[in-house]
Structures are given as structure tokens and as C-alpha cells.
Amino acid sequence: MNKSQKSMIALLGVLLVFFGFVITRIGIAKPASTVKIAKIPAGEYDPAVWGKFYPLQYESYKKNSIMEPSPTGYGGSLKVQKSDMMPEIKTNFKGNPFSVDYTEDRGHVYALEDIKETKRIGPKSPGACITCKTPYLEKLVQETGWGYAKLPFSQVMDTIPSHGYISCANCHDPENMNLRVINPAFIEAMDRKGVDVTKASREDMRSYVCGQCHAEYFFEPNTSRVVFPWDKGSKPSDIYAYYLDKPLGFVQDWQHPDSKAAMLKAQHPDFETWSTGTHGKAGVACADCHMPYERKDGQKYSSHTMTSPLKNLDAACGTCHTQGSAWLMDQVKTTQDYTFEVLHTAGQNVTRAHEAIKKASEIPNVNQDELANARELVRKAQWYWDFVAAESSMGFHNPDQSLNSAAQASEFARQAIEAANRAAGINLL
Ligand code: HEC
Ligand code: HEC
Ligand code: HEC
Ligand code: HEC
């Protein structure tokens, strides 16, 4: 063998190892190839019908009814009041239905039951609230556009049968099982960012299907159209800046009765928080952790039990991390404990700021400019606090940003108290 033949063989060897590696890596993200596609008619929203063709996925989807606490003590799928752990929820959301009833989220199969039962929904609630609860959304949008959003909630709810909780048709095209997004608010927000969702890669779709609901939103005044506030970016500061411009005439979610500040309510910004975190930026999708592959009877399929990955750490994290489940569990628990500590303190500081502003406003000859300044600061403080408090992972989806946001909330609350003191001309708190 001459020299060039030797180097050819060496090169071939290197290529073989390289492509072998690439193929195994890609193999991790490959869809279960054994699935036979059935043609389900468009407009079929009953998961039991889909389940006849895809029994493995359906069986695991049904397990979304299992209710368990999370091993770290945060999150979990039991219907408990969040204010049990954070009593400041009651004072900070005073005047808003979230102060009365704010339960921990649980499995997708409970979506309709829980929205029917929550004390947050009343005669004045708009049909828009159904947007993230049912695949019948597709039909509502086909028939009314955004018209359903401003109808009374009860009228819209009456058209949804009991099997209409979140299911297959929310994420899959019935014809070919491709992933799809049906929430027009997500499609419109991505379009404004220059992303055509219908052309998205499979990898992106593995997060977009979740992001269509697990995201922050507001209702456009008068129409109740659902809008995602992403035009300036996804960080707490970007979205706060967006709201400062009074988008589409939207000024506030409600007014706090003590401080009289115009408040915002953050709604589960999971997609936003994930997208700016380590995993999101590394391209690790929601489905990678929340829908790991499982095997049954020699068939590989995606788990459709979308719950805490901590219940199944080896499958959820083990494809990428080799540190072992004890180490991983400890990482998550530590992140969550640290986040909770700073968050809990921040929430209490925000409560104190509302109190200080209330006291200041009762003083005759209060400086109105400083009072307005204090109200703006408490609104901002609460936004930075709520962005973490309303997010579902207690910091894990983006540990650095969550700690930063909670710490900033404390600082803005301190500034709000100082402004209230200046407005009053005495030290109130
Ligand atoms: C919240 C979104 C969501 C819902 C609801 C959902 N799926 Fe999926 N499904 C996914 C994702 C994500 C994948 C992974 C697809 C990929 O990687 O290409 C998937 C994959 C599949 C596959 C391909 C094989 C596999 O297991 O990876 C089938 C078949 C399937 N789902 C059936 C169903 C059925 C039946 C239902 C209803 C009982 C359902 N899905 C509900 C998101 C969802
Ligand atoms: C159609 C809207 C919608 C889509 C799509 C959706 N979710 Fe949800 N999700 C919800 C709602 C609403 C709840 C709360 C249900 C309740 O508490 O009754 C929820 C709850 C959850 C929970 C809490 C479950 C528990 O055990 O505590 C997890 C985890 C979750 N979703 C993950 C995901 C992931 C991952 C995806 C994408 C693969 C996804 N969701 C797609 C709306 C959605
Ligand atoms: C790197 C893995 C990973 C990725 C990626 C990920 N999550 Fe999570 N998620 C977790 C962990 C860990 C928790 C904390 C679970 C706990 O406290 O029990 C969590 C918690 C949650 C919860 C609350 C679950 C509960 O028990 O109440 C929801 C909802 C959720 N994630 C949705 C999402 C969505 C939507 C995405 C994508 C935008 C996403 N996650 C991306 C790992 C991940
Ligand atoms: C698809 C691959 C993938 C999966 C699945 C995954 N990770 Fe990661 N993880 C990464 C990558 C990539 C990084 C970035 C650092 C690196 O390159 O090692 C990372 C970083 C981390 C870090 C350090 C950075 C941080 O954000 O604190 C922790 C802790 C972590 N992962 C825990 C988990 C846990 C827990 C799970 C399961 C719930 C999980 N990961 C699932 C790929 C993954």
C-alpha cells in the first residue's frame, strides 16, 4: 500500500466514524418510522376516534388524567391554589379574579372541566377564553373568524361537546399527521416577526405546537381578539416596553384597588422564557423533554403524557445528559429553590409597594407627579415578578433570566416605595 492509499483509508475511516456519529445523533430526533398514517376526516375532534388508528399515542394521552405532585414540590398536577405557597398572590392581584381563584395547572384532558369550574369566569367573560382549551377552535375560526372571541363565553362553551378538551387536532393535521398550529394568535404574531409557520421545520414545530397556548397574551379592547405581545422580543423587558406603547389601545388588564395602578397580568410565558434560555437557544424543543420516546411491543413512539419531565427523568433528559438522574434532579431542585426564594421576597416587596402608594394617596396635598411615578414603578415591579411567578417551571426553563427578573422586581418595588415616600413627604414604610 502506498502513502496515498494509506491516507485514503485513513480518510475513509474518519468519514465513517463521523457519519456514523451524525446518523446516531439524527436518529435521536427521528420520528417513529413504523407509524402507518390513516386518513382521518378534517373536522374530527374526538380523540377516541383518532385513538383507533394511533392506539399507543392515545393510551399515553389518556394518562394526562393522572394527578400527582411534582417530586420537587413546585408545579405538579394537583388542583391546589397557588396562593397556598405564595400568599402575596392574594394581595398583588387584588381586584382581579386571579386573587380569588388561581389553581396549579393539570393535565390537558381537564382543560374544559377546569375552565367551566374556575371562579375567574363569569357572565362578563368573552368567548376568547376558549382559544387554548379545545380543537373545536378550528371550527369556530372557520365559521366566525375572530367573531367567536367577543361572544359571551357561556354561548361558545355550549357548542363544545365533552370530548372537546385539548387533543390530537390541536397539534396534528388529520390527513397526514404532520404537526400544525391552529391558534390564529400564534400564527399572526409569528407572521409579524417574519416567520411563516406553515413552512416551519419539524424541529421548530416540536415547540410551536406548545407555544400556541403556553404563552403570554392580551385581549384587544372591544373585539377580545387574542394578541401575543412579541413585536419587540420575548424577554420581560421587551414585552414591558411593548405594553408601554398601549398596543391596539390596550392600557391595562385591571386597576389595583389599593395603589390605583394600571396593572398587567402575565399569563404563563413558558414559550417566551424557554426561547431565551439555554435549552431554547440550543434548539432543545418542548417535546424533547415533555414528550420523550417510549417503546412498547417493539414500537417506538412519542409519549403523549405531557407532564412534569421529573416523573420520567431518564427518558426526558437521558438522551442528551449522561450525568444520571440524581444529579439532574438535584440541578432542577436547586434552580427551583433559588428561584422561589428570590421570587417570594419580590412578591412581598411588591405588596408593600401597593400599600405605600395607598397610604401616600390618602395624604392631603400629595405630590401627584411622584404618585404617578410610584404607580408606574409598582406596575413594572409586578410585571417582572409575575413573569416568573406565572411561568410554569419555577425558573428551570431559564434559570438566569428568572433570577434576574425576580431580583429586578424587588428593586423596582423599592423604587416605588421611595417614590411614594417622596410623594407623601414623609417615610411611610
Ligand atoms: C400538544 C400537541 C400534541 C397533541 C395534543 C397530540 N400530539 Fe401527537 N405528536 C406531537 C408531537 C410534538 C409529536 C412528535 C412529532 C415529530 O417529532 O415529528 C407527535 C407525534 C405523534 C405521532 C407520530 C409518531 C410518534 O409517536 O412520534 C402520532 C401517530 C401521534 N402523535 C398521534 C397523536 C394522537 C392520536 C393524538 C391524540 C390522542 C395526539 N397525537 C395528540 C404533539 C401532539
Ligand atoms: C390548545 C392549547 C394547548 C396546547 C396546544 C398545549 N397545551 Fe399544555 N396546557 C394547556 C392548558 C390550558 C393547560 C392547563 C389545563 C388545566 O389545568 O386544566 C395545560 C397544561 C400543561 C401541563 C401541566 C400538566 C401537569 O401535569 O401539571 C404541561 C406539562 C403542558 N401543558 C405541556 C405542554 C406541552 C409540552 C405542549 C406541546 C407538546 C402543550 N402543553 C401544548 C394548553 C395547551
Ligand atoms: C430541557 C427540558 C425542558 C424543555 C426543553 C422544556 N421544559 Fe417544560 N419543564 C421542564 C422541567 C424540568 C419542568 C419542572 C417540572 C416540575 O417542577 O415538576 C418543566 C415544567 C413545565 C410545565 C409545568 C409542569 C407542571 O408540573 O406544572 C409546563 C406547562 C411546561 N414545562 C411547558 C413547557 C413548554 C411549553 C416548553 C417549550 C416552550 C417547555 N416546557 C420546554 C423541562 C423542560
Ligand atoms: C435534546 C438534548 C437535551 C435534552 C433532552 C435535555 N438537555 Fe439539558 N442541556 C442540553 C444542552 C445542549 C445544554 C447546554 C449546555 C451543554 O451544551 O451541555 C443543556 C444544559 C443543561 C443544564 C445546564 C444549564 C442550565 O440551564 O442550567 C442543565 C441543568 C440541564 N441541561 C438539565 C436538563 C434536564 C433536567 C433535562 C430533562 C428534563 C434536560 N436537561 C434535557 C441538551 C439537552
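Small disclaimer: the values here were computed from a predicted structure and weren't measured.

Draft legend 1. Quick look at the site of ligand 3. Around ligand 3, 26 residues are found, and the nearest of them are Ser70, Cys286, Cys289, His290 and His397. Contact distances for ligand 3 include 2.9 Å between an oxygen atom and a side-chain N or O atom of aspartate 105. Only helix 13 (270-275) and helix 15 (286-290) provide two or more residues apiece to the shell around ligand 3.

Draft legend 2. Inspection of the coordination of the iron atom of ligand 4 at higher detail. Coordination sphere of the iron atom of ligand 4, protein contribution only: His279 (NE2) and His321 (NE2), at 1.9 to 2.0 Å. Taken together, the 6 donor atoms coordinating the iron atom of ligand 4 and their angles of 86 to 179 degrees define a geometry best described as octahedral. Linking histidine 279 in helix 14 (residues 278-281) with histidine 321 in the loop between helix 16 (313-317) and helix 17 (325-361), this pair joins segments that are 42 residues apart in sequence. What makes histidine 279 partly exposed here is its relative accessible area of 25%.

Draft legend 3. View of the site of ligand 1. For ligand 1, the set of nearby residues contains 19 residues, the closest of which are Cys168, Cys171, His172, Ser302 and His304. At a separation of 2.7 Å, an oxygen atom of ligand 1 approaches a polar side-chain atom of glutamine 57. Within the contact set of ligand 1, a nitrogen atom lies 2.8 Å away from a side-chain nitrogen or oxygen of histidine 172. Those elements that provide at least two residues to the shell around ligand 1 are helix 3 (55-62), helix 9 (168-171), helix 11 (202-211) and strand 6 (299-302).

Draft legend 4. Fine view of the pairing of strand 6. Sheet topology note: the strand 5 (residues 293-296)/strand 6 ladder contains 4 bridges and is antiparallel. Residue pairing in the sheet places lysine 296 in a bridge with glutamine 299 of strand 6. A loop of 2 residues connects strand 5 with strand 6, the two strands running antiparallel in sequence, and aspartate 297 in this loop sits at a positive phi of about 50 degrees.

Draft legend 5. Here's a closer look at the packing of aromatic side chains. Counting across every chain of the model gives 26 aromatic pairs. With centroids separated by 6.2 Å and ring planes inclined at 50 degrees, the aromatic side chains of phenylalanine 93 and phenylalanine 98 adopt a geometry described as tilted. Residue phenylalanine 93 shares its accessibility class with phenylalanine 98, and that shared class is buried. Ring centres 5.4 Å apart and planes at 35 degrees place the aromatic pair phenylalanine 271 and tryptophan 274 in the tilted group.

Draft legend 6. View of the side chain of serine 224. Within the secondary structure, serine 224 is located in the loop between strand 1 (218-219) and strand 2 (226-227). By relative accessible area, serine 224 is classed as buried at 14%. Look past the residues within four positions of serine 224 in its chain and what remains in contact with it is Pro126, Ala128, Ala149, Lys150 and Phe219.

Draft legend 7. Spatial organisation of the confidence of the model for the chain. Considering every residue of the chain, the mean pLDDT works out to 92; 92% of them sit at 70 or more. Every residue in residues 15-29 scores below 50 in pLDDT, and together they form 6 contacts with partners more than four places removed in sequence or on other chains.

Draft legend 8. Looking closely at a nonpolar patch on the surface. On the surface, a cluster of nonpolar side chains totalling about 220 Å² of accessible area is made up of Met67, Leu78 and Val80. Turning to its location among the elements, leucine 78 is positioned in the loop between helix 3 and helix 4 (88-92). Its relative accessible area of 31% is what places leucine 78 among the partly exposed residues.

Draft legend 9. Representation of the packing of helix 17 against helix 19 (residues 399-424). Look at helix 17 against helix 19: their axes get within 8 Å of each other, and the N-to-C directions meet at 15 degrees. Between helix 17 and helix 19, the angle is such that the two are roughly parallel. Between helix 17 and helix 19 lies a crossing of left-handed hand. Taken together, the residues of the contact of helix 17 with helix 19 break down into 19 nonpolar, 6 polar and 1 charged.

Draft legend 10. Representation of helix 19 in the model. Counted at 1.5 Å a residue, the expected span for helix 19 with its 26 residues is 38 Å, and the 38 Å between its end C-alpha atoms agrees. Remark: glycine 425 follows helix 19 within two positions and exhibits a positive phi of approximately 80 degrees.

Draft legend 11. Highlighting the pattern of salt bridges. Scanning the entire structure with this criterion turns up 23 salt bridges. The shortest N-O distance in the salt bridge between glutamate 220 and arginine 225 comes to 3.2 Å. One exposure class covers both glutamate 220 and arginine 225, and it is buried. As a salt-bridge pair, lysine 265 and aspartate 386 come within 3.0 Å of each other at their nearest N and O atoms. Of the two residues, lysine 265 sits in the loop between strand 4 (262-263) and helix 13 while aspartate 386 sits in helix 18 (residues 368-389), which places them 121 residues apart along the sequence. Judged by its relative accessible area of 1%, aspartate 386 is buried.

Draft legend 12. Spotlight on the nonpolar core. With 97 residues, the main nonpolar core has Ile130, Phe186, Trp230, Trp383 and Trp385 as its most contacted residues. Counting residues per element, this core draws most heavily on helix 18, which supplies 11 residues. Dropping the residues within four chain positions of it, tryptophan 230 is found in contact with Phe186, Ala189, Met190, Lys193, Gly211, Ala215, Glu216, Ile239, Phe271 and Glu272. In this structure, Leu310, Ala316, Leu328 and Val332 belong to the second largest nonpolar core, which totals 6 residues.

Draft legend 13. Region of the structure containing the side chain of arginine 180. Within the secondary structure, arginine 180 is located in the loop between helix 9 and helix 10 (184-192). We classify arginine 180 as buried; its relative accessible area is 15%. In terms of polar contacts, arginine 180 uses its side chain to reach the backbone carbonyl oxygen of histidine 172, at 3.1 Å. Filtering out sequence-adjacent residues up to four positions away, arginine 180 remains in contact with Glu138, Ala169, Asn170, Cys171, His172, Asp173, Pro174, Met205, Val209 and Gln212.

Draft legend 14. View of helix 3. Along helix 3, the residues classified as buried are Leu56, Gln57, Tyr58, Ser60 and Tyr61. Structurally, helix 3 contributes buried residues whose contacts are with helix 2 (47-53), strand 5 and strand 6.

Thresholds applied
- Residues numbered from 1 in each chain as written.
- Chains lettered and ligands numbered in written order.
- Predicted model: local features only at pLDDT ≥ 70, side-chain atom pairs only at ≥ 80, totals over all residues.
- Heavy atoms only, no water.
- Near = heavy atom within 4 Å.
- Polar contact = N/O pair within 3.5 Å; in protein donor to acceptor, adjacent residues only side chain to side chain.
- Helix = DSSP H or I, 4+ residues; strand = E, 2+ residues; numbered from the N terminus.
- Donors = N, O, S within 2.8 Å, 3.2 Å for Na, K, Ca; no water.
- Tetrahedral: all angles 85-135°; square planar, octahedral: opposite > 155°, others 65-115°.
- Buried < 20%, exposed > 50% of the residue type's maximum accessible area, 1.4 Å probe, protein only.
- Pairing = 2+ DSSP bridges.
- Phe/Tyr/Trp six-rings, centres within 6.5 Å; stacked < 30°, edge-to-face > 60°.
- Contact = heavy atoms within 4.5 Å.
- pLDDT = per-residue confidence, 0-100.
- Patch = residues over 30% accessible without salt bridge, like charges linked within 9 Å, V, L, I, M, F, W, Y side chains within 5 Å.
- Areas by Shrake-Rupley, 256 points an atom, 1.4 Å probe, with all protein chains shown as cover.
- Salt bridge = Lys/Arg side-chain N within 4 Å of Asp/Glu carboxyl O.
- Axes fitted to C-alpha atoms, helices over the stretch in contact; angles between N-to-C directions.
- Parallel < 35°, antiparallel > 145°, perpendicular 65-115°, else oblique.
- Left-handed = near helix turned anticlockwise from the far one by under 90°.
- Nonpolar A, V, L, I, M, F, W, Y, C, P; charged D, E, K, R; others polar.
- Expected span 1.5 Å × (residues − 1).
- Core = buried A, V, L, I, M, F, W, Y, C linked by side-chain atoms within 4.5 Å.

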